[in-house]
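# Analysis of the macromolecular model
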Amino acid sequence: MDRKPSAIETGWPEEGLTRVPYDVFDSGEIFEREQERLFRGPTWNYLGLECEIPRPGDYKLNFIGTTPIIVCRNGEGEVRAFVNRCAHRGSLLCFRNRGNEKLFTCVYHNWSFDLDGNLKGIAFRRGVNGQGGMPEDFDEEKHGLEAVRVTTRGGLVFGTFSDDTPDLEEYLGPQMTGFIDRMFNRPLRVMGHYSHRLRNNWKLVMENVRDPYHASILHLFFGSFGLSRHTMEGAALLDDSAWHHIVYTKRATDDISGSEYEDGKLKSMKSNLSLADPTLLDEWQEFDDGITNMVQTVFPTVTFQQITNCLGVRHLVPKGPDEAEMIWTLFGYEDDEDWQREIRRTQANLVGPAGLISLEDGAVTNFVQRAIRGREGHEASVVEFGGDAVESSENRVTEATVRGFWKGYRDVMGL
Amino acid sequence: MDTVDIRHRVEQLQIDYAYCIDSGHFEDWPEFFTDECVYQIISRDSYEQGHESGFYYCRSKNMLRDRVLALRETTIYEPQRYRHIIGGTRILESGERRCRAESNLIVVRTLQAGEMGIFAAGAYLDTITFESGTPKFIEKVVVTDSSQIDMLLAGPL
């Protein structure tokens, strides 16, 4: 039987960004190209929070695409990042998720590297009794760790492999940068950390987080308890490149009269429900702008969220064409009072793999992965809600933010 | 109560608790707790670091009821079943009115297509009261050895 050519060979559907060829969600060839062009390309990738590595020598592990990364603070207090791979024979250099070291020493042959990635020691460098060892002319300076270019803003750490990646502020544009400054405006304190194994391609997750269409439909808890409805004031924003997005809602502006939410006209809405303990949704106005829900993505794989007072970072790590891991970091601020911490902690019930408003996401992205198997030819998904626009709108009844992701993807991938 | 009696009552409570969840009788699950209670599911890594936030955090019986309401009315997931194996209970502290106990747990999850696997392994850190006759949990902290959840965590552990 003839092999069906993938989207790499046949190109993107002629309709453009309103169609997404299913090949991109399960092709091994495309997955490999993503590693090279996207994750090693001109993109800023989330690496962690500065408050996770406060002191010199502190480090944590992460990934850019599938590449293992060490993020650390050097002796001068600057953040550094390297590929977590010994420059000798390629072993993982660090294998604990976090710690503090003066030198990173490989367990395999005791090659050691300083906090700037320089090779500082080689076991039996001069041999034993004048025999063996490394050649006299072996140049340690050429055998440091592979460095990742790092930038920080508001306590966030990003890394890129490419010299072509513009400065973060230029990469994001002023509006997206402004929203980062809004939430990351003072020292952070981590409140929780967990991960979510997803049995689907990573891009299905990025479509999902950028999709305001599904939020109040799939997540019945959201709409049923009035946390987010399309009748509330909000916006779906894209930067000029359309790579990054923000969707926000202002809950106080809800008026469902005459809409499909009223009288349960929308099949999924259950407006007769009430909580036995309404303190689950206790809150305070965290920001002056009245925004109660905000989801922001920085292309390609990180999401910042404000669900009332539950603040968090969701970092997506691709694991293969049909598997991904979402690493969650929930946080508050160092200056939070106890009652604020308790509210954030309680609202954390809404998010994550057990989240009252997000539990379904792990199911539905897997449903897509399962349903696209056995397809005929070059079938594609339809991303045409709100037309074919790829621009900001003052409503959230649109998939423009999803199309923006695919614009960034095609820009970088050459598809 | 002597220690044998306490151990027996704690183990019986765990057996009934596991049966309630594994048989899908979620409506009965809050009844294993006192009105003022804490129920939390948190990873061991977060627990040891002193983090506040985990997967589940309920601080009243009514919040447990709201979890059940959400499971029944607003949460969407494929049919699945848990099977709890609880054992190795250690009574850490005990008196006439209450005790603290720690038990091991393993939960096997079976999905409707037949796929099954160990979904969670960890420990119950329980504070149990005997005051109302029937033992009830004042606090139950489920500490999961893994920080990772496969696909979704719907029903309680």
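Residues numbered from 1 in each chain as written. Chains lettered and ligands numbered in written order. Predicted model: local features only at pLDDT ≥ 70, side-chain atom pairs only at ≥ 80, totals over all residues. Heavy atoms only, no water.

### A word on the overall build of chain B
- Looking only at helices and strands, one finds three helices and seven strands in chain B.
- For chain B, the α and β elements follow one another from N to C terminus as α-β-α-β-α-β-β-β-β-β.
- Scaling as 2.2 N^0.38, a compact globule of 157 residues should have a C-alpha radius of gyration of about 15 Å, and chain B matches this with 15 Å.
- If you line up chain B on its principal axes, its C-alpha atoms span 45 × 30 × 30 Å.
- Residue burial in chain B is summarised as follows: out of 157 residues, 51% are buried.
- Taking the intrachain contacts of chain B between residues at least 6 apart in sequence as the baseline, contacts between residues at least 24 apart amount to 58%.
- When the accessible area of chain B is evaluated, it comes to approximately 7,000 Å², of which 49% is carbon and sulfur surface.
- Each charge class in chain B was averaged separately, 17 positive and 25 negative side chains, and the resulting centres sit 2 Å apart. (Helix = DSSP H or I, 4+ residues; strand = E, 2+ residues; numbered from the N terminus. Rg over C-alpha atoms; globule rule 2.2 N^0.38 Å. Buried < 20%, exposed > 50% of the residue type's maximum accessible area, 1.4 Å probe, protein only. Contact = heavy atoms within 4.5 Å. Areas by Shrake-Rupley, 256 points an atom, 1.4 Å probe, with all protein chains shown as cover. Lys, Arg positive; Asp, Glu negative; His and termini not counted. Charge placed at Lys NZ, Arg CZ, Asp CG, Glu CD.)

### Details of the sheet that holds strand β4 (residues 67-73) of chain A
Residue and element names in this part refer to chain A.
- Spatially, β2-β11-β10-β5-β4-β3-β6 is the arrangement adopted by the seven strands of the open sheet, whose pairing is antiparallel. This sheet does not close on itself; its edge strands, each paired only once, are β2 (45-49) and β6 (98-100). Ignoring strand direction, the axes of neighbouring strands in this sheet form an average angle of 30°.
- As defined by bridge partners, strand β3 (residues 58-64) adjoins β4 across six bridges and the pair is classed as antiparallel. Bridge assignment links Asn62 to a residue of β4, and that residue is Ile69.
- In the packing of helix α3 (residues 168-183) onto the sheet, contacts are made with β10 (147-153) and β11 (156-160), and the angle to β10 comes to roughly 35°. (Pairing = 2+ DSSP bridges. Axes fitted to C-alpha atoms, helices over the stretch in contact; angles between N-to-C directions.)

### A short note on the pattern of salt bridges
- Enumeration according to the criterion identifies 43 salt bridges over all chains in this entry.
- Residue Glu78 of chain A is joined to Arg80 of chain A by a salt bridge in which the shortest nitrogen-to-oxygen separation is 3.0 Å.
- Classification of Glu78 of chain A by relative accessible area gives partly exposed; the value is 38%.
- Measuring nitrogen to oxygen at the nearest pair gives 3.0 Å for the salt bridge that ties Lys140 of chain B to Asp126 of chain B. In this pair, Lys140 of chain B is assigned in strand β6 (residues 136-144) and Asp126 of chain B in strand β5 (residues 116-129), connecting sequence segments 14 residues apart.
- A residue is classified by how much of its surface remains accessible, and Asp126 of chain B, at 2% relative accessible area, is buried.
- The network of salt bridges with common partners includes Arg197, Arg199 and Glu323 of chain A together with Arg109, Glu115 and Asp150 of chain B. (Salt bridge = Lys/Arg side-chain N within 4 Å of Asp/Glu carboxyl O.)

### A look at empty space enclosed by the protein
Residues and elements named next belong to chain A.
- Tallied over the entire structure, the rule returns four cavities of 30 Å³ or more.
- Of the volumes computed, that of the largest cavity is approximately 350 Å³.
- Residue classes in the lining of the largest cavity are distributed as eleven nonpolar, ten polar and six charged.
- Looking at the second largest cavity, its volume works out to about 110 Å³.
- Around the second largest cavity sit 13 residues that line it, and His196, Met326, Trp328, Ser358 and Asp361 are the ones nearest its centre.
- Sorting the residues of the lining of the second largest cavity by element identifies β12 (188-198), α4 (202-209), β18 (323-333) and α8 (359-371) as the ones contributing at least two each.
- Residue classes in the lining of the second largest cavity are distributed as five nonpolar, six polar and two charged. (1 Å grid on protein atoms, 1.4 Å probe; cavity = no way out; pocket = protein on both sides within 12 Å on 5 of 7 lines; lining within 4 Å. Points joined across faces, edges and corners; volume = space filled by probe spheres on them. Nonpolar A, V, L, I, M, F, W, Y, C, P; charged D, E, K, R; others polar.)

Geometric descriptors of this kind do not, in isolation, establish any biological role.
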